[in-house]
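The primary structure of each chain is shown beneath.
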Amino acid sequence: SQQGEEDPQALSIQEGENATMNCSYKTSINNLQWYRQNSGRGLVHLILIRSNEREKHSGRLRVTLDTSKKSSSLLITASRAADTASYFCATYDTGTASKLTFGTGTRLQVTL
Amino acid sequence: DGGITQSPKYLFRKEGQNVTLSCEQNLNHDAMYWYRQDPGQGLRLIYYSQIVNDFQKGDIAEGYSVSREKKESFPLTVTSAQKNPTAFYLCASSISTSGSGHTDTQYFGPGTRLTVL
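We now turn to the structure provided with this report. (Residues numbered from 1 in each chain as written. Chains lettered and ligands numbered in written order. Predicted model: local features only at pLDDT ≥ 70, side-chain atom pairs only at ≥ 80, totals over all residues. Heavy atoms only, no water.)

**Structural notes on the layout of surface pockets**
To find leftover empty space, one rolls a probe the size of a water molecule over the atoms.
Phase 1 of the analysis: Size it by volume and the largest pocket reaches roughly 530 Å³.
Phase 2 of the analysis: Contributing to the lining of the largest pocket are 26 residues, with Ser86(A), Arg107(A), Gln37(B), Gly40(B) and Gln41(B) lying nearest its centre.
Phase 3 of the analysis: Listed by contribution, the elements that provide at least two residues to the lining of the largest pocket are β9 (85–93) and β11 (106–111) of chain A together with β9 (87–94) and β11 (112–116) of chain B.
Phase 4 of the analysis: For the lining of the largest pocket, the element with the highest residue contribution is β11(A), accounting for four residues. (1 Å grid on protein atoms, 1.4 Å probe; cavity = no way out; pocket = protein on both sides within 12 Å on 5 of 7 lines; lining within 4 Å. Points joined across faces, edges and corners; volume = space filled by probe spheres on them. Helix = DSSP H or I, 4+ residues; strand = E, 2+ residues; numbered from the N terminus.)

**What about the state of the cysteines?**
Phase 1 of the analysis: Summed over the entire model, instances satisfying the criterion amount to two disulfides over all chains.
Phase 2 of the analysis: Between Cys23(A) and Cys89(A) runs a disulfide, and the two sulfur atoms are separated by 2.0 Å. Residues Cys23(A) and Cys89(A) are joined through a disulfide that is right-handed, its torsion about the S-S bond being 65°. In this pair, Cys23(A) is assigned in strand β3 (residues 19–24) and Cys89(A) in strand β9, connecting sequence segments 66 residues apart. The same class applies to Cys23(A) as to Cys89(A), namely buried.
Phase 3 of the analysis: Sulfur-sulfur distance for the disulfide between Cys23(B) and Cys91(B) comes to 1.9 Å. Measuring handedness by torsion sign, the sulfur bridge of Cys23(B) and Cys91(B) sits at about -75° and is left-handed. On the criterion of sequence distance, the pair formed by Cys23(B) in strand β3 (residues 19–25) and Cys91(B) in strand β9 is long-range, its members being 68 residues apart. Taken as a pair, Cys23(B) and Cys91(B) share a single burial class, namely buried. (Disulfide = S-S within 2.5 Å. Buried < 20%, exposed > 50% of the residue type's maximum accessible area, 1.4 Å probe, protein only.)

**Section: the sheet that holds β3(B)**
Residues and elements named next belong to chain B.
Phase 1 of the analysis: Ordered in space as β1-β3-β8-β7, the four strands form an open sheet in which the pairing is antiparallel. Strands with a single pairing partner mark the edges of an open sheet, and in this sheet they are β1 (4–7) and β7 (64–66). Ignoring strand direction, the axes of neighbouring strands in this sheet form an average angle of 20°.
Phase 2 of the analysis: Relative to strand β8 (residues 76–78), β3 runs antiparallel, the two being bridged by three bridges. (Pairing = 2+ DSSP bridges. Axes fitted to C-alpha atoms, helices over the stretch in contact; angles between N-to-C directions.)

**What to know about empty space enclosed by the protein**
Phase 1 of the analysis: All chains considered together, the criterion is met by one cavity of 30 Å³ or more.
Phase 2 of the analysis: If you go around the largest cavity, you meet 10 residues; those closest to its centre are Leu100(A), Thr101(A), Phe102(A), Leu43(B) and Asp59(B).
Phase 3 of the analysis: Grouping the amino acids of the lining of the largest cavity by side-chain chemistry returns five nonpolar, two polar and three charged. (Nonpolar A, V, L, I, M, F, W, Y, C, P; charged D, E, K, R; others polar.)

**Let's talk about unusual backbone geometry**
Phase 1 of the analysis: The amide bond that connects Asp7(A) to the next residue, Pro8(A), takes the cis arrangement and shows omega of 0°.
Phase 2 of the analysis: With respect to the helices, strands and loops of the structure, Pro8(A) is situated in the loop between β1 (5–7) and β2 (10–14).
Phase 3 of the analysis: The residue after Ser7(B), namely Pro8(B), is reached through a cis peptide bond having omega -10°.
Phase 4 of the analysis: Mapped onto the elements of the fold, Pro8(B) is located in the loop between β1 and β2 (10–13).
Phase 5 of the analysis: Despite not being glycine, Asn53(B) shows a phi value in the positive range, around 65°.
Phase 6 of the analysis: By the element assignment, Asn53(B) lies in the loop between β5 (43–51) and β6 (54–57).

Structure follows, in structure tokens:
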């Protein structure tokens, strides 16, 4: 079953602009992770935020988590053409041990 | 060079045949996972293994089988019982499955694209 739902499903922006994508989930979580997937490739882990954290930064990435609203956002600042990829959120749920549940993904297109 | 490898990259199968997808990791991770991804979709968990000689069904295990005889290997067999096997299959591993954070960050292989002819 899909726990997370990303919004928007697709996003097209120009290089230099910021990209924001959102993830909503349904259950209590231990942590939430964001992954990136280039077309036809495996996923790459970007950032993890624990349930007791509200914001986290890594380079041009900023992640927020609002457990009261069961939502997270990923902000990519000063986007580059190389950021073109699909981005997935994944939740590690407190009720279902031992596995991540992935969302449906946001496809980001960054044009020159 | 540490990592997780999958082979083959592309696999073609005739209807009614069983095929086995390979997944190997040299990261010394305890946990390994198999996911299926359909076009434009997210990942769905097929099977996972927290430790050698143990594995659990995921959300879509029907028509698939796995084994975990060695820590570094977690092969997936797509059986003839899987009615719609054409998909992109991804293998992943993590240090453990404690839920504490960094230990359950997953590392993915490059994937195997299976096509049924």
